[in-house]
Amino acid sequence: MRGDKRTVIVICDSLRRDLIGEADTPFLVELSQRATAFAAHRSVFPSTTRASSASIATGCLPARHGLYGNTQALDEGDGLVCRNVGAPDFRERMRRATGRTLHVPTLAERLRWHGEVSIVCSNVSPGAAYFQDPDGHGYIYHSAGSYGPGATPIDDPASAGLKKGIAGDQAMTDRFCAEIVEDRAPALALMWLSEPNYTGHHSPLGSPQHRAAIAAADRCVRQVFETVRRLDPSGEDILFMTGSDHGMETVSEAVDINEILIAAGLKEAPQSRDVVVAPQGISATIFFSEAARGRAAATADFLARENWAGRVVAGATLSEVGLPTDTALQVAVAMATDDRVNPHGVTGYGAIVFNPEDSESKIGFGQHGGLGANEQRPFLIAEGGGFTARVETRPTCLTDIAPTVLRHMRMDHDDTDGQALPQGA
Ligand SMILES: [Zn+2]
């Protein structure tokens, strides 16, 4: 099917498009001048890594792929409980509770239909890694466990020792270039860096630490690109794409929506299973039991009156943000964001939804998950495979990446929410 056609993708988690500049990312600046740079690229909602990962893998919005954020309420037989999608066992919980994982095929599965192989190396959460290929059609290498086709566990010492951060990303990049892109040469090789997301959650945006993490990600992208173009100097066969899954805003305050809904009489108790808030950083998805579903509209009206709330969607309007209308998820709130400038000159603040299980959500540091201008400003650059040097100003989305890979492989790509990225004016 493919001839010599291959795709190599590098994701720099959380890298905001407006933080790409000569000082910190000289390579991305250089690449964007010789490639197609997408100037109106957007994330999905919630703009969390795990929902984004599934959208990149499937070319579909959360409404169709079925993964609704970094946390998600599941009814495992005893009522709705909020679960962490990042946990290694979430896939199995989802399968047991709903009978399946993602509702649409991933790139890994589509490639396997044609006898082709995909290999993913990821240094972010297990959940975000595994939702590239939750049913085990290709290879996934991750520190929490690596898998081959048939979801067969693989002993992979190179991944087992990886830690999030600059050093772990660099070690993963060395391995990705030598063993995967060069030696094994699969149809799709995708590497997902932890930076600058990891440091962005633990330091102020634009601080020296955050800028060092951005610069480190830039070096990793350069190393992969140089490997790719050494193997295919003309760029005819290997399509190279690099981008991020979302950006970040600076956290202004944390809001305990659970507590507020209980005080308002809209939820019974902290651990009650009638109304379950799933925190997504700068947004929340709210799940309702069958018995409590009649409270959804009142809950949405109540939230919309709070000054920390931005856009609130419920029922039929969930489809406007790419969420399903026919599940227990009946209300979503994107928190209010504003364009104040932080002490390091980086624009954009947003309130976060308090999450007792998340140690990463710190006031003054970076976060994402909502619809703010900066968290919805990921970058994307495509080089080779017919992409010429130009800036594309038409809107594009994470969901356009999978159909672009399929088009390059000359495979069907007309059944995704996204569309293959435009080539030429
Ligand atoms: Zn992310």
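Everything here concerns the structure above.
Definitions and cut-offs
- Residues numbered from 1 in each chain as written.
- Predicted model: local features only at pLDDT ≥ 70, side-chain atom pairs only at ≥ 80, totals over all residues.
- Heavy atoms only, no water.
- Donors = N, O, S within 2.8 Å, 3.2 Å for Na, K, Ca; no water.
- Helix = DSSP H or I, 4+ residues; strand = E, 2+ residues; numbered from the N terminus.
- Buried < 20%, exposed > 50% of the residue type's maximum accessible area, 1.4 Å probe, protein only.
- Core = buried A, V, L, I, M, F, W, Y, C linked by side-chain atoms within 4.5 Å.
- Contact = heavy atoms within 4.5 Å.
- Salt bridge = Lys/Arg side-chain N within 4 Å of Asp/Glu carboxyl O.
- Pairing = 2+ DSSP bridges.
- Axes fitted to C-alpha atoms, helices over the stretch in contact; angles between N-to-C directions.

Asker: Would you mind showing me how to read the coordination of the zinc ion here?
Answerer: Octahedral metal centres with six donors ideally show angles of 90 or 180 degrees, and tetrahedral centres with four donors ideally show 109.5 degrees. Around the zinc ion, the donor atoms from the protein are Asp13 (OD), Asp13 (OD), Thr49 (OG1), Asp245 (OD) and His246 (NE2), and they sit 2.0 to 2.7 Å away. For the zinc ion, all donor residues lie on one chain, and their spacing in sequence is D-x35-T-x195-D-H. Here aspartate 245 lies in the loop between strand 11 (238-243) and strand 12 (249-255) and aspartate 13 lies in the loop between strand 1 (6-12) and helix 1 (26-34), a separation of 232 residues in the sequence. Accessibility assignment for this pair places aspartate 13 and aspartate 245 in one class, buried.

Asker: How do you make sense of the nonpolar core when you look at a structure like this?
Answerer: A general tendency of soluble globular proteins is for nonpolar side chains to be buried together. If you look at the biggest cluster of nonpolar residues, it comprises 35 residues, and the most contacted ones within it are Val8, Phe176, Met191, Leu193, Val224 and Phe240. Element by element, the count of residues in this core is highest for helix 10 (residues 208-231), at seven residues. The residues touching phenylalanine 176, leaving out its near neighbours within four places in the chain, are Val8, Ile9, Cys121, Val181, Ala189, Leu190, Met191 and Val224. Membership of the second largest hydrophobic core comes to 31 residues, among which are Val120, Leu239, Val405 and Leu406.

Asker: Sorry if this is basic, but what is going on with the pattern of salt bridges here?
Answerer: Oppositely charged side chains can pair when the atoms bearing their charge come close. Inspection of every chain in the model, using the stated rule, returns 26 salt bridges. The shortest N-O distance in the salt bridge between arginine 229 and aspartate 232 comes to 3.5 Å. Under the relative-accessibility criterion, arginine 229 is labelled buried at 10%. On the basis of relative accessibility, which here comes to 6%, the residue aspartate 232 falls in the buried class.

Asker: Would you take a moment to explain the sheet that holds strand 16 (residues 329-335) for this structure?
Answerer: With antiparallel pairing, the four strands of this open sheet are ordered in space as 13-14-16-15. In this open sheet, the two strands that pair with only one neighbour each are strand 13 (275-279) and strand 15 (309-314). The sheet shows a mean angle of 20° between the axes of neighbouring strands, direction not considered. For strand 14 (residues 283-288) and strand 16, the ladder comprises five bridges, and the chain directions are antiparallel. By the bridge assignment, alanine 284 is partnered in strand 16 with valine 333.

Note that all results are geometric; they support no functional claim without further evidence.
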